[in-house]
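# Tertiary structure, described
Residues per chain, in single letters:
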Amino acid sequence: MDAVYDHLVTVLTEKFEVDAEELRPDSTLTALELDSLAVVELYVTLQEHWGVPLEEDEAAAELTLEQVARAVTTQLSGAGRGGAPR
């Protein structure tokens, strides 16, 4: 999950301009001031990078960064990719 979490942090700081000091595994997307559209955009960005399907309807602002990273990791494990991005 470390590679996924690290990429998530990179996306949040670079694409969504979230202050890196605010990013902790227990930070929620709401606490990072991402609205529902930004949350869906984040999921789409992660799907494109990792090449795995993520349910955008499960993209919720109350999810923590750890939960988002775990969802991607679970999909990677199920797809047999072992964490390698596309």
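Our subject is the structure that appears above.
Residues numbered from 1 in each chain as written. Predicted model: local features only at pLDDT ≥ 70, side-chain atom pairs only at ≥ 80, totals over all residues. Heavy atoms only, no water.

### Side note on the overall build of the protein
Helix and strand counts for the protein come out as three helices and zero strands. Looking at the protein as a whole, 40% of its 86 residues are labelled buried. Considering only residue pairs separated by 6 or more positions, the protein has 61% of its internal contacts joining residues 24 or more positions apart. For the protein, the computed accessible surface area is about 5000 Å², with 46% contributed by carbon and sulfur atoms. (Helix = DSSP H or I, 4+ residues; strand = E, 2+ residues; numbered from the N terminus. Buried < 20%, exposed > 50% of the residue type's maximum accessible area, 1.4 Å probe, protein only. Contact = heavy atoms within 4.5 Å. Areas by Shrake-Rupley, 256 points an atom, 1.4 Å probe, with all protein chains shown as cover.)

### Some points on the nonpolar core
One finds Leu8, Leu12, Phe16, Leu34, Leu42, Leu46 and Leu65 to be the most contacted residues of the largest nonpolar core, which totals 28 residues. For this core, the elements supplying multiple residues, two or more each, are helix H1 (2-14), helix H2 (36-50) and helix H3 (65-79). At six residues, H2 tops the list of elements feeding residues into this core. With residues near it in sequence (within four places) discarded, Leu42 still touches Leu8, Val11, Leu12, Phe16, Leu29 and Leu34. (Core = buried A, V, L, I, M, F, W, Y, C linked by side-chain atoms within 4.5 Å.)

### Considerations on H2
Relative to the 21 Å expected for 15 residues at 1.5 Å per residue, H2 spans 21 Å between its end C-alpha atoms, a close match to the ideal helical length. Among the residues of H2, those classed as buried are Ala38, Val39, Leu42, Tyr43, Thr45, Leu46, Gln47 and Trp50. Gly51 lies just past H2 and shows a positive phi near 70°. (Expected span 1.5 Å × (residues − 1).)

### Looking at unusual backbone geometry
Although it is not a glycine, Glu17 sits at a positive phi angle of roughly 55°. Tracing the backbone shows Glu17 in the loop between H1 and H2. In this structure, Glu33 takes a positive phi of about 65° despite not being glycine. For Glu33, the location among the structural elements is in the loop between H1 and H2.

### Some remarks on H1
Over its 13 residues, H1 extends 18 Å from the first C-alpha to the last, a length consistent with the 18 Å expected when each residue adds 1.5 Å. Among all positions in H1, only Val4, Tyr5, His7, Leu8, Val11 and Leu12 are buried. End-on view of H1: buried residues confined to an arc of 160°, all on one side of the axis. In H1, the exposed positions angled more than 90 degrees off the buried face are occupied by Asp2 and Glu14. (Arc of directions from axis to C-beta.)

Geometric values such as these leave the question of function open.
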